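Here's the letter readout for the chains.
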Amino acid sequence: MIKIAQSKFKDKRVEFICADVMEYDLCDGYDSVVIYNAFPHFTQPDRLIEILSGKLKTGGRITVAHGMSRAYKVSDGLMEADRLADIFKKYTNVINVISDDNMYQVVGEVF
């Protein structure tokens, strides 16, 4: 998937990394982190949000989204958006929660 992404996206400011985000030594100070259509595959959601929100600069945003909504059957299921928002609240100011037939999204901003 990395090779396909690199072939489609040539902006040199973007780096594609194939690694376990739970163990990879990411730098600090990101503006944004987006987990799109992948969240159900992480087995430690609280730890994931803790790690990634900790890599954001003040005012940075973390987004978990799934384009097919909770109605779409995914590997480990997609937790209730309000439950994910409760996890986000430990590390961010929750600014958006959507869970309907079209979209699933939780967004938090680091304070």
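Structural data are supplied above this passage.
In what follows, the accompanying structure is described. Numbers given to residues run from 1 along each chain, matching the order in which its sequence is written. Two thresholds apply to this predicted model, a pLDDT of at least 70 for residue-level local features and 80 or more for giving and counting side-chain atom pairs, whereas whole-chain, interface and lining totals are computed over all residues. With hydrogens and water set aside, each side-chain value is computed from the structure's full complement of heavy atoms.

Turning our attention to the pairing of strand S4 (residues 104-109). Of all the six residues making up S4, five are buried; the element is thus mostly covered by neighbouring parts of the structure. DSSP bridges decide pairing: two strands pair if at least two such bridges lie between them. In this text, helices come from DSSP runs of H or I with a minimum length of four residues, and strands from runs of E with a minimum of two, each type numbered from the N-terminal end. Where strand S2 (residues 56-66) and S4 come together, six bridges link them in antiparallel fashion. Across the sheet, residue His-66 finds its bridge partner in S4, namely Tyr-104. Pairing of strand S3 (residues 93-99) with S4, which is carried by six bridges, proceeds in the antiparallel orientation. Paired with Ile-98 across the two strands is Gln-105, which belongs to S4. Classification of residues uses two cut-offs on accessible area relative to the type maximum, computed with a 1.4 Å probe and protein chains only: under 20% is buried, over 50% is exposed, and between them is partly exposed.

A separate point is the environment of Val-21. Considering the arrangement of structural elements, one finds Val-21 in the loop between helix H1 (2-8) and strand S1 (30-36). Look at Val-21 and you get partly exposed, because its relative accessible area is 21%. The contact definition used throughout considers only heavy atoms, calling two residues in contact when any of these lie within 4.5 Å. In this structure Val-21 touches Leu-26, Phe-42, Leu-48, Ile-51 and Leu-52, once residues within four positions along its chain are discounted.

Note that every value here comes from positions in space, so none of it alone points to a role or purpose.
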